[in-house]
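Examination of the molecular architecture
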Amino acid sequence: QVQLVESGGGLVQPGGALRLSCAASGTIFSISNMAWYRQAAGKQRDLVAVISRGGITNYADSVKGRFTISRDNDKNTAYLQMGSLNPEDTAVYYCNANIMTSQARTFKAYWGQGTQVTISS
């Protein structure tokens, strides 16, 4: 059994910053890509940033230069440092990870439950 648990969401004023965390737990053998997605009310879920096990990153154009994704492989944890936040960043942020469990020995995508990020004055 694998779980992804996000934390760090909340309400912040425009121009502010937040750091999200995503901790994976369970019978994990290996984690390849870890990613953050977001879904605003009434919209589809979109990729925000992704990081490979080796640290190669990719970002949505809308967050380039403002957000930084990182990970700690020893802790099975990914982070999303968000800065210069604006109301358009308001969404539920979801963690996604491709995980190989000790039993399955194939990679499977897992999702966290999501954490709300609200940017408002």
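As a starting point, this report considers the structure included with it.

The rules behind each value
Residues numbered from 1 in each chain as written. Predicted model: local features only at pLDDT ≥ 70, side-chain atom pairs only at ≥ 80, totals over all residues. Heavy atoms only, no water. Salt bridge = Lys/Arg side-chain N within 4 Å of Asp/Glu carboxyl O. Helix = DSSP H or I, 4+ residues; strand = E, 2+ residues; numbered from the N terminus. Buried < 20%, exposed > 50% of the residue type's maximum accessible area, 1.4 Å probe, protein only. Phe/Tyr/Trp six-rings, centres within 6.5 Å; stacked < 30°, edge-to-face > 60°. Lys NZ or Arg CZ within 6 Å of the ring centre and 35° of its normal. Core = buried A, V, L, I, M, F, W, Y, C linked by side-chain atoms within 4.5 Å. Pairing = 2+ DSSP bridges. Lys, Arg positive; Asp, Glu negative; His and termini not counted. Polar contact = N/O pair within 3.5 Å; in protein donor to acceptor, adjacent residues only side chain to side chain. Contact = heavy atoms within 4.5 Å.

Per the stated rule, a full pass over the model turns up three salt bridges. Across the pair Asp-89 and Arg-38 runs a salt bridge, and its minimum N-O distance is 2.9 Å. Of this pair, Asp-89 sits in the loop between β8 (77-82) and β9 (91-101) while Arg-38 sits in strand β4 (residues 28-39), placing them 51 residues apart in sequence. Here Asp-89 and Arg-38 have matching classes, each one buried. Asp-61 is paired through a salt bridge with Lys-64; the nearest N and O atoms lie 3.1 Å apart. Shared partners join several salt bridges into a network, and the residues in it are Arg-38, Arg-66 and Asp-89.

Quick look at the packing of aromatic side chains now. Applying the stated criterion across every chain, the model contains one aromatic pair. Lying across the ring of Tyr-79, Arg-19 places its NZ or CZ 4.1 Å from the centre. Here the basic side chain of Arg-45 rests over the ring of Trp-111, its NZ or CZ set 4.7 Å away from the ring centre.

Counting 30 residues, the largest nonpolar core has Trp-36, Leu-80, Met-82, Tyr-93 and Ile-99 as the members making the most contacts within it. Among the elements of the structure, β1 (2-7), β3 (18-26), β4, β5 (45-51), β7 (67-72), β8, β9 and β11 (115-119) are those that each provide at least two residues to this core. It is β9 that contributes the most residues to this core, five residues altogether.

Let's shift gears to the pairing of β3. Bridge analysis of β1 against β3 gives six bridges, and the strand direction is antiparallel. Directly across from Gln-3, in β3, lies its bridge partner Ser-25. Judged from the six bridges that link them, β3 and β8 form a sheet pairing that is antiparallel. Within β8, the position partnered with Leu-18 by the bridge is Met-82.

Our next topic: the pairing of β11. The alternating pattern of β11 places Thr-115, Val-117 and Ile-119 on a buried face, while none of Gln-116 and Thr-118, on the opposite face, is buried. Examined bridge by bridge, strand β2 (residues 10-12) and β11 share three bridges and lie parallel to one another. Within the sheet, the bridge partner assigned to Gly-10 lies in β11 and is Val-117. Where β9 meets β11, three bridges bridge the pair, whose relative direction is antiparallel. Directly across from Val-92, in β11, lies its bridge partner Gln-116.

Here we come to the side chain of Glu-6. Counting through the fold element by element, Glu-6 comes out in strand β1. One buried charge, Glu-6, has no salt-bridge partner; the nearest side chain with opposite charge is Arg-45, at 7.5 Å. A polar contact is formed between the side chain of Glu-6 and the backbone nitrogen of Gln-113, at a distance of 3.0 Å. Engagement of the side chain of Glu-6 in a polar contact is seen with the backbone nitrogen of Gly-114, the distance being 2.8 Å. Dropping the residues within four chain positions of it, Glu-6 is found in contact with Ser-21, Cys-22, Trp-36, Tyr-93, Tyr-94, Cys-95, Gly-112, Gln-113, Gly-114 and Thr-115.

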